[in-house]
Amino acid sequence: MNQDHGRTPQRKIGSGFGKESTAAEVVAGIDLGGKTAIVTGGYSGLGLETVRALASAGARVLVGARRPDHARQVLEAAGIAASEWSPTAASTAGGSVGVSALDLADLASVKDFADSFLSPGSEEPRTGLDILVNNAAIMASPEQRVGPGWESQFATNHLGHFALTNLLWPALSAGHGARVVSLSSTGHKLSPIRFDDINFDAGYDKWKAYGQAKTANSLFAVQLDFLGRESGVRAFAVHPGGIMTELQRHLPRAEMVAAGWMDGNGNVDARFKTPEQGAATSVWAATSPLLEGMGGVYCEDCDIAEPTRTGSPEARIRGVDAHAVDPSDAARLWALSAKMTRVDAFG
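A brief structural summary. This is a predicted model, so every value here is computed, not measured. (Residues numbered from 1 in each chain as written. Predicted model: local features only at pLDDT ≥ 70, side-chain atom pairs only at ≥ 80, totals over all residues. Heavy atoms only, no water.)

Quick look at the overall build of the protein
Part 1 of the argument: Looking only at helices and strands, one finds eleven helices and eleven strands in the protein.
Part 2 of the argument: Counting every position in the protein, which comprises 347 residues, the buried fraction comes to 55%.
Part 3 of the argument: Accessible surface, the protein: about 14,300 Å² in total, of which carbon and sulfur atoms supply 50%. (Helix = DSSP H or I, 4+ residues; strand = E, 2+ residues; numbered from the N terminus. Buried < 20%, exposed > 50% of the residue type's maximum accessible area, 1.4 Å probe, protein only. Areas by Shrake-Rupley, 256 points an atom, 1.4 Å probe, with all protein chains shown as cover.)

Some remarks on the sheet that holds strand β9 (residues 234-239)
Part 1 of the argument: Taken in spatial order, the nine strands line up as β3-β4-β2-β1-β5-β8-β9-β10-β11 in an open sheet, and their pairing is mixed. Pairing within the sheet leaves two strands with one partner each, and these edge strands are β3 (83-84) and β11 (303-304).
Part 2 of the argument: As paired elements, strand β5 (residues 131-134) and strand β8 (residues 179-183) share four bridges and run parallel to each other. Across the sheet, residue L132 finds its bridge partner in β8, namely V180.
Part 3 of the argument: Helix α3 (residues 68-77) contacts β2 (60-65), β3 and β4 (96-101) of the sheet and is inclined by roughly 155 degrees relative to β4.
Part 4 of the argument: Helix-sheet contacts for helix α10 (residues 280-287) involve β5, β8, β9, β10 (297-300) and β11, and the interaxial angle to β8 is about 160 degrees. (Pairing = 2+ DSSP bridges. Contact = heavy atoms within 4.5 Å. Axes fitted to C-alpha atoms, helices over the stretch in contact; angles between N-to-C directions.)

Some remarks on the nonpolar core
Part 1 of the argument: Among the nonpolar cores identified, the biggest contains 49 residues, and I38, F117, L129, L132, L168, L172 and V180 are the most heavily contacted of them.
Part 2 of the argument: When residues of this core are traced back to their parent elements, those giving at least two are α4 (107-118), α5 (152-167), α6 (169-174), α7 (206-228), β9 and α11 (327-341).
Part 3 of the argument: Excluding anything up to four places from it in sequence, L129 contacts T36, A37, I38, F117, L168, A171, L172 and A178.
Part 4 of the argument: Formed by 40 residues, the second largest nonpolar core is a distinct cluster that contains V26, A53, A59 and V61. (Core = buried A, V, L, I, M, F, W, Y, C linked by side-chain atoms within 4.5 Å.)

Describing the environment of L219
Part 1 of the argument: In this fold, L219 is placed in helix α7.
Part 2 of the argument: Expressed as a C-alpha distance, the spacing of L219 and R332, which sit 113 residues apart in the sequence, is 9.5 Å.
Part 3 of the argument: Beyond its immediate stretch of four places on either side in the chain, L219 contacts I193, H323, A324, V325, D326, D329, A330 and L333.

Describing the side chain of H239
Part 1 of the argument: Considering the arrangement of structural elements, one finds H239 in strand β9.
Part 2 of the argument: Accessibility expressed as a relative area gives 10% for H239, which makes it buried.
Part 3 of the argument: At 3.4 Å, the side chain of H239 and the backbone nitrogen of G241 are in polar contact.
Part 4 of the argument: When neighbours within four sequence positions are excluded, H239 is seen to be in contact with S184, S185, T186, T281, Y298, C299, E300 and D301. (Polar contact = N/O pair within 3.5 Å; in protein donor to acceptor, adjacent residues only side chain to side chain.)

Quick word on the pattern of salt bridges
Part 1 of the argument: Going through the model one piece at a time under the given rule, you end up with 13 salt bridges.
Part 2 of the argument: With a shortest N-O distance of 3.0 Å, E49 and R52 are connected by a salt bridge. Of the two residues, E49 and R52 are both situated in helix α2 (residues 45-56); the distance of three residues between them amounts to about one turn of the helix.
Part 3 of the argument: Note on R52: relative accessible area 31%, which makes it partly exposed. (Salt bridge = Lys/Arg side-chain N within 4 Å of Asp/Glu carboxyl O.)

Okay, here's the thing in structure tokens:
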């Protein structure tokens, strides 16, 4: 199959929403009753607001969390009732939210999470999956190795979600028009995929490692959309925008001041979005009727992004670089990821 055949053009479609739109606004009027969604890391920052919006539209939402008890406490403190996950929980006007253990840096945990979702128990039928938001991430963390020596940002942000999505493929393909949303960012501009040293064995750079992981998130959406669209499954990569959340936990204040993200007193730059605004593009990609029949594109500010205007003043903060949507690199990364994780629903 020609990879470009059926691929959505990387250009704006005029969604009617923008940078300041909130998740609640983009989902207003959309009925997700009877739909099932999974949001990884859905108890902090953007993830929490993504869960809130999807549940408010009537969806049953499962939050994958490394610390389930902590996740329930955070969700409940935010006014979101959370319980043990049940795929047969009644879908009310406000939806329902469950929490289950998921450590993306541990493939055994990823498999346990997927197995539990696919085979919930003898008295509960397997449920389809309509929306998967691969939201959880770490950023600019100190060098750490996980699994068989994988660099932790690539492993957590990409490989964990790659394995999870592939393991959940039976539920995604059983749905009607399922969507997978992969959280990328303008961090992708910091590095393409380093196929010759993907684990930074020759020397670690925390920002290049983050950039590679975010490029991987975007390329994953490109290839998943290509492989999945015949089954009605479409995939999107999303840049949520600059938001001050727990994602910055590894960054000292001095570094954020030097970057212009905040002043010396900790006041965040006005260009940053609120978490409600930051979650909007994920929710839009997951639910917008305008995206029916589309996929494999990188989105920002609740619309499909334009290609980066190389050399322009906004080249670092707007648009998508060619290396993050390259079909050949997307296929190559998929093959490498399948080899590393030994998981491939299409192999």
